[in-house]
Amino acid sequence: MTSSHTPVDTPERVALRAAVSSFAKGHAPGGPQEGDGAAELWAEAGKLGYLGVNLPEEYGGGGGGITELSIVLEELGAAGCPLLMLVVSPAICGTVIARFGTAEQKERWLPGLADGSVIMAFGITEPDAGSNSHRITTTARRDEGGGWILNGRKVFITGVDNADAVLIVGRTEDARTGKLKPCLFIVPRETHGFSHHHIPMELAAAEKQFELVLDDVTLPADALVGDEDAGLLQLFAGLNPERIMTAAFALGMGRYALDKAVDYARTRQVWKEPIGAHQAIAHPLAQAHIELELARLMMAKAAYLYDEGDDAGAGEAANMAKYAAGEAAVKAVDQAVHTLGGNGLTAEYGLVRLITAARVARIAPVSREMILNYVSHQTLGLPKSY
């Protein structure tokens, strides 16, 4: 019942959406992937070129943008088999390296990121920093040989156990001002002094969460991605796609839940007519559909602006898209469970696990309150309170 494409979809994007949807429906077990199933799905999606649609063709990618990658994730989610690492490995890490990496970094990492044979995690969140990136305490300093030494901690870092490397957000001291500025470093997982510890989560997802410890991690000079002085420009080159892809993740989840609820409401009969004939059931589902479609339009706008190189415009739209999609997904999942009643809490329908997963879209990678702060002072020009 959800429309198959958005107004910005070209014929190629419509075909991509249809192909991914068909692929995903042939692999979906009826809920989020678990164990080896997710690894197999990742590998097959990589072979088909779906994981690297946003990366440059000269490095094995599809030559598209975040628009194409968001289509892949949304359709996987709508079929019940989302791959959360799409948000991280090709969208954040692949984009940053493609835009700012050296020729050697691109040659080393992008082909593997494109075909899925290499996975890269992203480490920004810290125990005491929360949403305040200015409080990041992971520091990088030059060693005598011109390399880097990193020290710090990260939390809630996704998929480190399956990652070949982690793109770490650290801070270096500006020689002119003495102030710390953000910089990005590629840290191979087996680097001495780098360790990861599993954080148990009550979240049904194949991807695990980790705490990272960097204890005098020594890196070569070429571990730095991009210009040491570029700072926030490079960081937000990854964070805007992260928000757009989180929106895609949420929308796919919302569509999956809504499809289950509508199918149930069409056939479930308690009195003379199916329960979907009653407005108390039909109207909330219609509202959920409307809100998902509105969020899809904002996501499409954000992806379009980002792919066109409008980083400032994309920043506002990506935050709005993530906000709208998170809210729409939570409401869609809640209404789907409610529509099925007791059946909505059974393993058979695969909806109850989405109650927790949908909540994640409101929290990560940035809370809805911080998005409201952003819109308040960046868009509306209201005084800043933090």
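Remember, predicted model here, so these are calculated numbers, not experimental data.

J.: I tried to follow the overall build of the chain on my own but got confused; where do I start?
T.: In terms of helices and strands, the chain carries 10 helices and 8 strands. The C-alpha atoms of the chain give 21 Å as radius of gyration, which agrees with the globular expectation for 386 residues (21 Å, within 12%). Based on the C-alpha atoms only, the size of the chain along its principal axes is roughly 80 × 50 × 40 Å. Counting all 386 residues of the chain, 52% fall into the buried class.

J.: Even after reading the chapter, I still don't get the packing of helix H3 (residues 66-78) against helix H7 (residues 279-307), so can you show me in this structure?
T.: The packing of two helices is summarised by the inter-axis angle and the distance between the axes. With their axes 8 Å apart at the nearest point, H3 and H7 run at an angle of 145 degrees to one another. Together, Ile-66, Thr-67, Glu-68, Ser-70 and Glu-74 of H3 and Arg-296, Met-299, Ala-303, Tyr-304, Tyr-306 and Asp-307 of H7 make up the contact between the two elements.

J.: Please explain the pattern of salt bridges as it appears in this structure.
T.: Any two side chains of opposite charge can pair, so long as their charged atoms come close to each other. The full count for this structure, using the stated rule, is 17 salt bridges. With a closest N to O distance of 2.7 Å, Arg-13 and Glu-68 form a salt bridge. A residue pair is termed long-range when its members are at least 10 positions apart, and Arg-13 in helix H1 (residues 11-25) and Glu-68 in helix H3 qualify at 55 residues. The pair formed by Arg-13 and Glu-68 is uniform in burial state, with each residue classed as buried. For Arg-255, the salt bridge goes to Glu-75, with nearest N and O atoms at 2.8 Å. In this pair, Arg-255 sits in helix H6 (residues 232-267) while Glu-75 sits in helix H3, placing the two residues 180 residues apart along the sequence. Assigned by exposure class, Arg-255 and Glu-75 land together as buried. Residues participating in the shared-partner salt-bridge network are Asp-9, Arg-17, Glu-74, Glu-75, Arg-255, Glu-293 and Arg-296.

J.: Would you explain the packing of H7 against helix H8 (residues 311-340) in this entry?
T.: At a minimum axis distance of 8 Å, the contact between H7 and H8 shows a crossing angle of 160 degrees. In terms of axis orientation, H7 runs roughly antiparallel to H8. Judged by the sense of rotation from one axis to the other, the crossing of H7 with H8 is left-handed. Its residues assigned to classes, the contact of H7 with H8 shows 21 nonpolar, 3 polar and 4 charged.

J.: Would you take a moment to explain H6 for this structure?
T.: It helps to recall that an α-helix has 3.6 residues per turn; residues three or four apart then point in one direction. Relative to the 52 Å expected for 36 residues at 1.5 Å per residue, H6 spans 52 Å between its end C-alpha atoms, a close match to the ideal helical length. For H6, a buried count of 28 out of 36 residues is recorded, marking the element as mostly surrounded by other parts of the structure.

J.: So what exactly am I meant to see when it comes to a nonpolar patch on the surface here?
T.: Where nonpolar side chains cluster on the molecular surface, the patch consists of Ile-290, Leu-294 and Leu-297 and spans about 290 Å² of accessible area. The topology assignment puts Leu-297 in helix H7.

J.: Just to check I follow, could you spell out unusual backbone geometry for this structure?
T.: Negative phi values dominate among residues other than glycine, just as trans dominates among peptide bonds. Residue Ala-364 is joined to Pro-365 through a cis peptide bond whose omega torsion reads -5 degrees. In this fold, Pro-365 is placed in the loop between helix H9 (352-363) and helix H10 (368-379). Positive phi outside glycine occurs at Phe-156, with the angle close to 55 degrees. Looking at the secondary structure, you find Phe-156 in strand S3 (residues 148-158). Phe-156 sits in the partly exposed class, given a relative accessible area of 47%.

J.: It is not clear to me how the nonpolar core should be interpreted in this structure. Could you clarify?
T.: Nonpolar side chains in soluble globular proteins tend to be buried together. In this structure, Leu-76, Leu-86, Met-120, Phe-122, Leu-150 and Leu-167 are the most contacted members of the largest nonpolar core, which totals 115 residues. At 18 residues, H6 tops the list of elements feeding residues into this core. Contacts of Leu-167, omitting those with residues within four sequence positions, involve Cys-93, Val-96, Met-120, Ala-121, Phe-122, Gly-123, Leu-184, Phe-185, Ile-186 and Val-225.

J.: Any chance you could explain the environment of Val-87 here in plain terms?
T.: The topology assignment puts Val-87 in helix H4 (residues 85-100). Since its relative accessible area comes to 5%, Val-87 is described here as buried. As for Val-87 and Thr-246, which are separated by 159 residues in sequence, their C-alpha atoms are 6.7 Å apart. When near neighbours in sequence (up to four residues on either side) are disregarded, Val-87 contacts Leu-73, Ile-92, Glu-242, Met-245 and Thr-246.

J.: Explanation requested: the packing of aromatic side chains in the structure shown.
T.: The description of an aromatic ring pair rests on the distance of the ring centres and on the angle between the ring planes. Evaluated as defined, the whole model comprises 3 aromatic pairs. On the basis of an interplanar angle of 65 degrees and a centroid distance of 5.1 Å, the ring pair of Trp-148 and Phe-185 is categorised as edge-to-face. With a gap of 37 residues between them, Trp-148 in strand S3 and Phe-185 in strand S5 (residues 180-188) connect regions that are remote in the sequence. For Trp-148, a relative accessible area of 1% corresponds to the buried category.

J.: What should I look at first to understand the side chain of Glu-327 in this one?
T.: Positionally, Glu-327 belongs in helix H8. We classify Glu-327 as buried; its relative accessible area is 12%.

Rules used throughout
- Residues numbered from 1 in each chain as written.
- Predicted model: local features only at pLDDT ≥ 70, side-chain atom pairs only at ≥ 80, totals over all residues.
- Heavy atoms only, no water.
- Helix = DSSP H or I, 4+ residues; strand = E, 2+ residues; numbered from the N terminus.
- Rg over C-alpha atoms; globule rule 2.2 N^0.38 Å.
- Buried < 20%, exposed > 50% of the residue type's maximum accessible area, 1.4 Å probe, protein only.
- Axes fitted to C-alpha atoms, helices over the stretch in contact; angles between N-to-C directions.
- Contact = heavy atoms within 4.5 Å.
- Salt bridge = Lys/Arg side-chain N within 4 Å of Asp/Glu carboxyl O.
- Parallel < 35°, antiparallel > 145°, perpendicular 65-115°, else oblique.
- Left-handed = near helix turned anticlockwise from the far one by under 90°.
- Nonpolar A, V, L, I, M, F, W, Y, C, P; charged D, E, K, R; others polar.
- Expected span 1.5 Å × (residues − 1).
- Patch = residues over 30% accessible without salt bridge, like charges linked within 9 Å, V, L, I, M, F, W, Y side chains within 5 Å.
- Areas by Shrake-Rupley, 256 points an atom, 1.4 Å probe, with all protein chains shown as cover.
- Core = buried A, V, L, I, M, F, W, Y, C linked by side-chain atoms within 4.5 Å.
- Phe/Tyr/Trp six-rings, centres within 6.5 Å; stacked < 30°, edge-to-face > 60°.

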